[in-house]
Every structure is written in structure tokens, then in C-alpha cells.
Amino acid sequence: TVYRARHVELGVERALKVVRASPSAPGRFGREVRALASVRHPNVVAVHEVAEGTPSEPAWLAMDLVEGEPLVDALVRGPLPLDRALDVVT
């Protein structure tokens, strides 16, 4: 689940992704975080803070907040036109 959050000390808005606690969550989440942190691209959000969590506590990831419609909502209406799809992935 992704939430809009405000960093208390810095006063900036971030996206906060929270992954429910489960036995596999820490490893899976760690792989996702490492993959995101290794990419530098204008269409990939920057990672600011991470807590990998435990099997009983959720993991979370603070990253840039990107305004706009979720991709899944756009795809429910059907395939994206080619020019829009290229904008999303490049």
C-alpha cells in the first residue's frame, strides 16, 4: 500500500510504501529496494529512507511523491496509445 506522507522534520511530502509483515516480506522488499536504489532515471523515483521490517513488523520505503493517475487505473480503460506508453517507459 502506498500513502501520501509528510516528513515531519523536513516538511516535504513523500510517498510511503508499506509492505505487510510476512515471513517472505523482508527478503522480497530488500531486493526491490536494492533494484530501485541502483537505477538513476528521470522516470524512476528516488529512494530516501527504508526500514526492511521483520516477520512481525511491516517494511516501508519513503520515496519521491509523483502526482498523477496510478498506471493500473489508466490500464483498466484499455491499452495506452503507443505515444503515451512510450512516455511511461522511457
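Residues numbered from 1 in each chain as written. Predicted model: local features only at pLDDT ≥ 70, side-chain atom pairs only at ≥ 80, totals over all residues. Heavy atoms only, no water.

1. Side note on the nonpolar core
In terms of nonpolar packing, the biggest core is built from seven residues, these being A15, V19, F29, V33, A59, L61 and M63. Breaking this core down by element, the ones donating at least two residues are β2 (13-19), α1 (25-37) and β4 (59-63). When residues in this core are grouped by element, the largest group, three residues, is from β4. Every residue in contact with V33, bar those within four places of it in the chain, is listed here: V50 and L61. (Core = buried A, V, L, I, M, F, W, Y, C linked by side-chain atoms within 4.5 Å. Buried < 20%, exposed > 50% of the residue type's maximum accessible area, 1.4 Å probe, protein only. Helix = DSSP H or I, 4+ residues; strand = E, 2+ residues; numbered from the N terminus. Contact = heavy atoms within 4.5 Å.)

2. Some remarks on the pairing of β2
Of the pairings in the sheet, the one linking strand β1 (residues 2-6) to β2 comprises five bridges and is antiparallel in character. Across the sheet, the residue bridging to R6 is E13, located in β2. As consecutive antiparallel partners, β1 and β2 are separated by six residues, and within that stretch G11 has a phi angle of approximately 70°, a positive value. Strand direction decides the pairing type here: β2 and β4, joined by five bridges, are antiparallel. When the sheet's bridge partners are listed, V19 is paired in β4 with A59. (Pairing = 2+ DSSP bridges.)

3. Section: a nonpolar patch on the surface
Nonpolar side chains collect at one region of the surface, where L71, L75, L82, L86, V88 and V89 lie side by side and expose about 550 Å² of accessible area between them. Counting residues per element, the ones that place at least two in the nonpolar patch are α2 (71-76) and α3 (82-89). Broken down by element, the nonpolar patch gets its largest block of residues, four residues, from α3. Within the secondary structure, V89 sits in helix α3. Judged by relative accessible area, which is 63%, V89 ranks as exposed. (Patch = residues over 30% accessible without salt bridge, like charges linked within 9 Å, V, L, I, M, F, W, Y side chains within 5 Å. Areas by Shrake-Rupley, 256 points an atom, 1.4 Å probe, with all protein chains shown as cover. Salt bridge = Lys/Arg side-chain N within 4 Å of Asp/Glu carboxyl O.)

4. With respect to the sheet that holds β4
Sheet architecture is open: four strands sit in the order β1-β2-β4-β3, paired in antiparallel fashion. The outermost strands of the open sheet, each flanked by one partner alone, are β1 and β3 (47-51). Direction aside, neighbouring strands of the sheet carry axes that sit 25° apart on average. Direction of pairing for β3 relative to β4: antiparallel, over a ladder of four bridges. Each residue of the ladder has a partner; that of A51, found in β4, is W60. (Axes fitted to C-alpha atoms, helices over the stretch in contact; angles between N-to-C directions.)

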